[in-house]
Amino acid sequence: MEQQQQQQQQQQQQQQQQQPGQDECPICLAAMQRGAPLVTTSCGHQFHMGCLSSLLSSNAAATCPLCRQPLSDIPLAGVAPSPSPLPLQLPNNVLPIGARGRRGGRGPSLFGRYGGRGAAESGGGVKSVLAALTIEGDEELPVAAVSTSSGASSSSSSSSAASCTVAAGEGDGMDVEGAGATKAGLSSKITLEVSEVGVNRDKEMFGMVSVTAPDQEGEGEGDEEEEIEERKAMDLVCVIDRSGSMSGEKIQMVKDTLHFIVEQMSGRDRLSLVMFDHEVEVLNGLRVMCSAQKERVARLVDALSARGGTSIWKGLAAGLHVLQRRKHVNDVSAVLLLSDGQDGSTVGMLDEVVRSGGGSTVHTFGFGRNHDAETLSVIGERCGGTFTFIDEMESVGPSFATTVGGLMSTAAKNVEVLLRVEAPFRLVRIHQAMFVHSVAEDGASGRVVVPDMYAGETRDLVFTIAVPASGGAGGDELLGSKVPVRGTIRYERAGDDSSEKESCDCDAPTLVFVEGPLEASPNVALDQHRNRVLAVDAMENASQLAESDLARAREVVTAAMERIQSSVSAKERMSLELLSDLQKTLSQLTSQQAWRGGGHAYAKSKKAAHCQQRACYSKESSSYENRAQKSMQSKWSSHASKR
């Protein structure tokens, strides 16, 4: 007996020596820090207790993520005491655009919390990970009726791909209400805080340039058929976390959501599935969603199972690579990335991964209350997409439906807003935390770039101009009517093959200067968006303060709410939505447990939605939803009712 025990101990030691990376948890890839709750199984593998417990609680028949021995047969060899939690803070090199310079002390970073690693310690750089992938070639885009075959692909996986003939308009997903092409162009106007102003003193004034994409209103019989014909075709890459923590109901709900997405795609759309745990696998390259390919993808989805750890950056890199390597390009494309886990290694790799994407759009989804909200929100912001917090199982489907519906209604891309400020006025600041923007040093001009716009969406970009007093520098002849700001919008119409941008001039307002002081009431529409900027800043600042000072974070949110409540637009719909979101954020700032258990993710998701003026699914109604998104949510409800 004693000899058998010695042999077992030797075998365990050999397994531990052969298993690389035992200084990190094989499930989450985070470092095994001293004092952390760890567990060693009888098969010789060591995990974070929380990671392994998550597997056991969600799947009683789960196996060891490394050797597949049934976990129910593995006794727990020992558990260390749990350490106190550390706050979450991204390092400055991955802050969202516009966030630098507004934060207080940095505090511990993700590197400090998770033992974040560079390329050498997290499984090699992006190039080495991508070089190991097997990806079938993307199918040529169908025109009217095109016969395509994946046999032309040089990938070794192409032998399993189906071939099909695609007819124009094939597929159920073409009839999305509000998803037709935008026949009219964008419209724009400039609004000033007031229409009259006194010339007695120097002052700063708010202004706003509003850019609107026309909605696709039905106009009688045949309109739905016209929308079916004209909706822009998509290239969609779904990057899904299949780590061990996704087992059980989670992976089943994700499967159902993927089946729904496949159903909605037309014979002109293409879809690729990328799955990641601690490694990454491209299940299929971009395939035209004809009937045969839909059946093939459905089989791939049905075969999904949860396993292993979490490496978000590998999944993101592979998804971006699928888009970057395309020989044929649909007009609308995006990566949809879902994860429920924490991954310390992604922070150190994020810059390299984002650069490899070449500007591709990424929409992220944080599933559950323990996902890496900071990293996922930064990915969405830096890649021009949204971040959606999915707090319960039933919200997975409508969250994806909202995003896909929006993509289907894309009306314009690469929208440039160019502002020209006439002397003696001067542009001081553009209040925007996500879109790329700039202001000339002399204050004579400014520029904002909006990645894309869906049908019916509006972007209201708030700015500040300096107005000199009469008798001051350049202010002697201010009496009368002036046009302080003019603007031009340049954009690419979605679906237009022309390389030239279309353009339109903004409707420019007149500002009347009168003698003496004047207290004019501010414009109510502009005031709502001043409140929106205020709420966005409050959510961002509170998120940073909450890491170490919940009381101060509560003060920031409370102060923003009081200012909105006292504003002239306090009773308007947008201001009421802002107050509701701030109130819910405040309710999550009662304790670190509440904040880290969903409050942080909620604030990040709402901040992104209000900053971009783009809907992310939530049970509360949103003024940003367009008709196509509502239509797709309705389709999901119909799909879910048949389950």
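Residue positions are given per chain, counting from 1 as you read along its sequence in written order. Only residues with pLDDT of at least 70 get local features here, since the model is predicted, and only at 80 or more are side-chain atom pairs given and counted; chain-wide, interface and lining totals rely on the full set of residues. Computation of side-chain values: all heavy atoms of the structure, hydrogens and water removed.

**Q** Whenever I open this one, unusual backbone geometry confuses me. Can you help?
**A** For residues that are not glycine, phi is negative in most cases, and the peptide bond is trans in most cases. With an omega dihedral of 10 degrees, the bond running from Ala423 to Pro424 counts as a cis peptide bond. Where helices and strands are cited, they refer to DSSP runs of H or I of at least four residues and of E of at least two residues respectively, numbered from the N terminus. In this structure, Pro424 sits in the loop between strand E14 (410-421) and strand E15 (426-430). Despite not being glycine, Gln613 has its phi angle at roughly 55 degrees, a positive value. Relative to the helices and strands, Gln613 is located in the loop between helix H15 (592-612) and helix H16 (627-641).

**Q** I'm lost on helix H8 (residues 312-324) in this one. Help?
**A** Along an α-helix, a turn takes 3.6 residues, which lines up residues three or four apart on a common side. One less than the residue count of a helix, multiplied by 1.5 Å, gives the span that helix is expected to have. Here H8 contains 13 residues, and its C-alpha end-to-end distance of 18 Å stays within 8% of the 18 Å for a straight helix at 1.5 Å per residue. Burial analysis of H8 places 11 of its 13 residues in the buried class, which makes it a mostly covered element. Exposure categories follow from relative accessible area, calculated using a 1.4 Å probe and restricted to protein chains: below 20% of the type maximum is buried, above 50% is exposed, and the middle band is partly exposed.

**Q** Whenever I open this one, the packing of aromatic side chains confuses me. Can you help?
**A** Aromatic rings considered in pairs are described by the distance between their centres and by the relative angle of their planes. Whether two aromatic rings pair depends on their centres lying within 6.5 Å, for rings of Phe, Tyr and Trp, where Trp uses its six-membered ring; planes under 30 degrees apart make the pair stacked, over 60 edge-to-face, and the rest tilted. Inspection of the entire model under this criterion finds three aromatic pairs. Criterion for a charge above a ring: Arg CZ or Lys NZ at most 6 Å from the ring centre, at most 35 degrees from the ring normal. Here the guanidinium or amino end of Lys250 rests over the ring plane of Phe367, the centre of that ring lying 5.4 Å away. Between Arg614 and the ring centre of Tyr454, over which it is positioned, the NZ or CZ distance is 3.5 Å.

**Q** Even after reading the chapter, I still don't get the sheet that holds strand E22 (residues 511-514), so can you show me in this structure?
**A** Hydrogen bonding along the main chain pairs the strands of a sheet, whether they run parallel or antiparallel. Pairing between two strands requires that DSSP report at least two bridges joining them. Here three strands make up an open sheet; going across it, the order is E6-E22-E19 and the pairing mixed. Every interior strand has two partners, whereas the edge strands, strand E6 (196-198) and strand E19 (480-482), have only one. The mean angle between the axes of side-by-side strands here comes to 30 degrees, regardless of whether they run parallel or antiparallel. With three bridges joining them, E6 and E22 adopt parallel strand pairing. What sits directly across from Glu196, in E22, is Val512. Here, axes are lines fitted to C-alpha atoms. For helices the fit covers the stretch in contact, and angles between N-to-C directions go from 0 to 180 degrees.

**Q** Help me understand the environment of Ser445 in this model?
**A** By secondary structure assignment, the location of Ser445 is in strand E17 (residues 445-454). Note on Ser445: relative accessible area 30%, which makes it partly exposed. The spatial distance from the C-alpha of Ser445 to the C-alpha of Glu422 is 8.8 Å, given a sequence separation of 23 residues. Should any heavy atoms of two residues lie within 4.5 Å, those residues are considered in contact. When neighbours within four sequence positions are excluded, Ser445 is seen to be in contact with Leu419, Leu427, Val439 and Ala440.

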